[in-house]
Amino acid sequence: MGEAVYPESEVFHTEDMTISVGPQHPSTHGVLRFVVRTDGEVIGEAIPDVGYLHRSIEKIGEKCTYHGYVPYTDRADYLAAMFANQGFCMAAEKLGATEVTRRGEFCRVIACELNRIASHLISVGTFGQDIGAITPFLHALRERETINDLMEEICGARLTYNYIRIGGVGYDITQETCDKILVFLDHFDPIVDEYNRLLSYNKIYIERLANVAAITKEEAFQYNLVGPNLRASGVKWDIRRDIPYSVYPELEFEVPVGHGEKGTIGDCYDRYWVRMQELQESSKIVRQCLKMMPKGPAISKVPRKFKPPAGEVYVRVEAPRGDMGYYVVSDGTEYPYRVRIRTGSFTAMAIIDKLSRGIMVADLIALIASLDVDAPEIDR
Amino acid sequence: MRRRSIADFMKQFVDSLIQQGYFPGAPVQVVYAIAMVLAAFIVLSVFVAPLAGVTSWLERRVWARMQSRVGPNRVGPQGILQWIADGIKNLLKEDLIPAAADKLLFPLAPYIVFVGFLCTFVVIPFGANLVVADLNIGILYLLAVTSIVVVGILMAGWSSNNKWSLLGGMRSAAQIVSYEIPAGLAVLTIIFVAGTMSTQGIIKGQGWAPWDWYLFYNPFTFIAFFLYFTAALAEGNRTPFDIPEAESELVAGYVTEYSGMRFLFFFFAEWGNLYVIGAVATVLFLGGWQVPPVGNAFIEGVLQFVVFFLKAYLWVFVAMWVRATLPRVRVDQLMALCWKYMVPLSFLCVIGTAAWMVVLPHGSRWASVGMFALGVLILGLFVRRLRYQIHNAKPELYLRPYI
């Protein structure tokens, strides 16, 4: 019998390597950590480890007044602070039955969609960077700087806006700023084509992303994916269209879904491509809003001591990282009894473990980037 | 007058010093050895260091312009002395060796990488007389010493005792060993045509006119050039093949644990290697230092130097351009590209050239001119595509170089 001279475990054996990806790893987008077990380059499992950026934002909500909590919501997702503002304000308005002025609604939509462009630019830019193309990232940041300048003109802040208040918006958007936004959009639309020529149609880029970590429709439902990640799996679901809020029902826009552009439906390339298309849709929405914006006050009369009647409410907004939900309970006092924030990135983290089995280390980076998970939003 | 190389001048100089009795009692061989070490030191500090340094500055600057940034522009005119500032900064940094690292191999690895890169300068000519040693096995020597680099990289990856470093070192070893084959075979086609392995001999086999270059000798050498350049990019760990140090995947690959001057040595070698890639491509395919006859020997020498430099730096620029444009390939794709496409294609080039040599032992003028026309056509189409892209780039292009 050709028995092995040595038992396998003593001399010739292989070992899985356990690597800690993060929390200081360059492409985990903030302070994420994955405990990755690999066999050489092939991943056995990648277990997400969240909580490095936990700032107790929900608990702080119980200690602040309704007005005072709005700036804190900025920090829930600092790449898309406008949506966090809007979600909380909508919840407070629903609790207190406060009217929002029509001009205020338009101001909100303009600011939000500009913010969505900025957030998606970061997303697709860092996506390119994670795959190794650094030029698109810097070109994307160049346009984002312009949006930051516009935001500064609208509300005085570049990142954490604190713009949307209960009952409307903090500052009206002046005609001058409207003109500047239009100039920017005229400048921006052709740039999306340029990104496509530089990055999206790049052969290496497509090879790296197509057919990698595809999420089927069923998996997306099981793992509760939301936003662009869900749409990339071929589900036409957008809170703006399906549970309309603000003035979105009056606006015309497409909901881009993944068609398996270069590979299978729901692969990394589809998730990227959906975001690229959403850039253009957001630009369209802002153009319509600028045309339709009525005259009038930007904020309605809201008492300084905002005391909504006891009750609970759950509102959802379509943030760049998907469905952002605010569950606010009021006990009739000046302070919320409970604030719960539900974010898209947190649920997206759960699917990484399942998808990472059997892919390579480089694909894991592409997968994390394609889900556009954002550390502050995961941990709050 | 017989043309003499620098080595001859040096030998004469040292001989005269010995005759004048400067080194009484010392064996002649020892004096020679010391003189050579001194000369190597001078060449290193005067030529190689600025070359790698300026290449690093150029890369940062070119890259910055392509990404609509400014880049380093503070130290010296247009920031050209930035590399000196960086070097001094890194020299003054703490020499950090991780506690768990291998105490012998960890400090040794950067020097091995550095030696592998530095030894190539022995055979790279800059003009008809400007070559350290015109070895008759020049190209073979070059391929051999560049292979030392992989030993250093593996050493760095292993001795760091860091999992990212290990992964980077392993990737690098697999990549460099694989890509040596197409690079070597592409070089072999030129050795067939030239009939010599000496770098000067290969250049002398070509002419100053483009259709006399080995690039356009026959269709196979034309393909071999692109194979060589791609494989050389992979060997030099350049994008799109920079997987060993892929900063978004492996933090910094095999250099993760290095800091200060040791870190700089790796990148010194990388940037210097960029020039070596361009120079070897120039020697093998682009006619080296060949210039039209001028008459005045001095002017001709200067012209040769300038022409060689420009040709070499053109490819350095192309490598930078590629780096600014392309994403990175995955490890398995990299291997597939090498073994499925480049190795068979390079074998085809070797066999094709061999057959060509049998049929047309002295080459074909018509084939050369035809290939040259094809090359011009390809370049024209490329420029047209470039113009289309620039024309369609609606946003303001930041073309002013002096901000």
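Right above here is the structure, for reference.
Read on for a plain summary of the structure. Only a predicted model underlies this, so the values are computations on that prediction, with no experimental measurement involved.

Right, let's talk about the overall build of chain A for a bit. Counting secondary structure elements, chain A contains 14 helices and eight strands. Its C-alpha atoms give chain A a radius of gyration of 22 Å, within 12% of the compact-globule value 21 Å for 380 residues. Dimensions of chain A, computed from the C-alpha atoms along their principal axes, are close to 90 × 50 × 35 Å. The contacts in chain A between residues at least 6 apart in sequence include a share of 71% that link residues at least 24 apart.

Residue-level contacts link 30 residues of chain A with 26 residues of chain B. Of all the secondary structure elements, the ones that give two or more residues to the side of chain A that touches chain B are strand E1 (17-21), helix H4 (102-131), helix H5 (135-155), helix H6 (175-200), helix H7 (203-209) and helix H13 (361-371) of chain A. The residue makeup of the side of chain A that touches chain B, split by class, is 14 nonpolar, nine polar and seven charged.

Residue and element names in this part refer to chain A. Judged by pairing direction, the sheet is antiparallel, and its three strands sit side by side in the order E6-E7-E8 without closing on themselves. The open sheet terminates on both sides in strands that have one partner only, identified here as strand E6 (311-319) and strand E8 (336-342). When strand polarity is set aside, the average angle formed by the axes of neighbouring strands in this sheet is 15°. Both strand E7 (residues 322-330) and E8 contribute to a ladder of six bridges, which runs antiparallel. Residue pairing in the sheet places Val328 in a bridge with Val339 of E8.

In this section: the packing of H4 of chain A against helix H11 (residues 268-292) of chain A. Residue and element names in this part refer to chain A. Following both chains from N to C, one finds H4 and H11 inclined at 160°, their axes separated by 9 Å at the closest point. On the basis of the axis angle, H4 is roughly antiparallel to H11. Between H4 and H11 lies a crossing whose hand is left-handed. Contacts from Phe106, Val109, Ile110, Glu113, Leu114, Arg116, Ile117, His120, Ser123, Val124 and Phe127 in H4 reach Tyr272, Arg275, Met276, Glu278, Leu279, Ser282, Ser283, Ile285, Val286, Cys289, Leu290 and Met292 in H11. By residue class, the composition of the contact of H4 with H11 is 15 nonpolar, four polar and four charged.

On to the pairing of strand E3 (residues 42-49) of chain A, then. Residues and elements named next belong to chain A. Summarising the sheet, strand E2 (residues 33-39) and E3 pair through seven bridges and their orientation is antiparallel. When the bridges of E3 are listed, Arg33 appears paired with Asp49. Here E2 folds back onto E3, and the loop between the two strands holds two residues, one of which, Gly40, carries a positive phi near 70°.

So, how was this worked out
- Residues numbered from 1 in each chain as written.
- Chains lettered and ligands numbered in written order.
- Predicted model: local features only at pLDDT ≥ 70, side-chain atom pairs only at ≥ 80, totals over all residues.
- Helix = DSSP H or I, 4+ residues; strand = E, 2+ residues; numbered from the N terminus.
- Rg over C-alpha atoms; globule rule 2.2 N^0.38 Å.
- Contact = placed C-beta atoms within 7 Å.
- Nonpolar A, V, L, I, M, F, W, Y, C, P; charged D, E, K, R; others polar.
- Pairing = 2+ DSSP bridges.
- Axes fitted to C-alpha atoms, helices over the stretch in contact; angles between N-to-C directions.
- Parallel < 35°, antiparallel > 145°, perpendicular 65-115°, else oblique.
- Left-handed = near helix turned anticlockwise from the far one by under 90°.

Keep in mind these numbers describe shape, not what the thing actually does.
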